[in-house]
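# A closer look at the structure
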Amino acid sequence: MQTETSPAEGTDDLQYDQPNDRYVFHHDPDGTATITTTIVHALASIADTDVSQGEFSLYDSVDPDALDRIFGTKADGTERTGGHIAFTALEHEVYVYANGDVIIYPPAETPRTPTTN
């Protein structure tokens, strides 16, 4: 599988998987960014949206605090090993897995209807 690397702040390993038309990256739970911060920056990069200008808020799609809690360590300090959540943000399908994998599918293209004159 050949991939192109796409730059995104906080998402150094964000890659476009052309054969499957999706963006794939792995969130580092030991890094300084939360998973929601990483997702926001990846979406902003993919959708060419400026998050610093308030053009996008993850709250429009999912509760970021709940997402961070769900994928954070358990109360006893152990890592989560299973489960995933899917949601739509900026018309992209986002899949977040407990192991840190995040897959983002771009919006499906709408077939164009031919016009007649």
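In short, a report on the structure. The model shown is predicted, which means the values in this text are computed figures rather than measured ones. (Residues numbered from 1 in each chain as written. Predicted model: local features only at pLDDT ≥ 70, side-chain atom pairs only at ≥ 80, totals over all residues. Heavy atoms only, no water.)

## Observations regarding the packing of aromatic side chains
For the record, the criterion: Pairing of aromatic rings covers Phe, Tyr and Trp, the last counted by its six-membered ring, and requires centre-to-centre distances within 6.5 Å; plane angles under 30 degrees mean stacked, over 60 mean edge-to-face, and any other angle means tilted. Segments assigned H or I by DSSP are reported as helices when at least four residues long, segments assigned E as strands when at least two residues long, and all are numbered from the N terminus.
The full count for this structure, using the stated rule, is two aromatic pairs. Centroid distance Tyr-95 to Tyr-105: 5.8 Å. Interplanar angle 85 degrees. Geometry classified as edge-to-face. Taken together, the positions of Tyr-95 in strand S5 (residues 92-97) and Tyr-105 in strand S6 (residues 101-105) put the pair 10 residues apart, joining distant regions of the chain.

## Points about a negative patch on the surface
To keep it simple, the criterion reads: Patch membership requires more than 30% relative accessible area and the absence of a salt bridge. Residues of like charge join within 9 Å; the nonpolar side chains Val, Leu, Ile, Met, Phe, Trp and Tyr join within 5 Å. Here the accessible surface of atoms and residues is derived via Shrake-Rupley with a 1.4 Å probe, and residues count as covered only by protein chains that are part of the display. The term salt bridge refers to a side-chain nitrogen of Lys or Arg lying within 4 Å of a carboxyl oxygen of Asp or Glu. Charge assignment in this entry is limited to Lys and Arg as positive and Asp and Glu as negative, and neither His nor the chain termini are counted. Throughout, a charge is located at the NZ atom of Lys, the CZ atom of Arg, the CG atom of Asp or the CD atom of Glu. Relative accessibility thresholds used throughout: buried, under 20% of the residue-type maximum; exposed, over 50%; partly exposed, between the two (1.4 Å probe, protein chains only).
Taken together, Asp-13, Asp-28, Asp-30 and Glu-79 make up a surface patch of like negative charges. By the secondary structure assignment, Asp-28 is in the loop between strand S3 (22-26) and helix H1 (35-47). You can call Asp-28 partly exposed: its relative accessible area is 44%.

## Considerations on unusual backbone geometry
What you tend to see is this: most non-glycine residues have negative phi, and most peptide bonds are trans. Not every positive phi belongs to a glycine, and Asp-48 is a case in point at roughly 55 degrees. In this fold, Asp-48 is placed in the loop between H1 and helix H2 (64-71). According to the relative accessible area criterion, Asp-48 is exposed, its value standing at 71%. Backbone geometry at Glu-91 places phi at a positive 65 degrees, although glycine is not the residue there. By the element assignment, Glu-91 lies in the loop between strand S4 (84-89) and S5. Taking the relative accessible area as the measure of exposure, Glu-91 reaches 61% and is therefore exposed.

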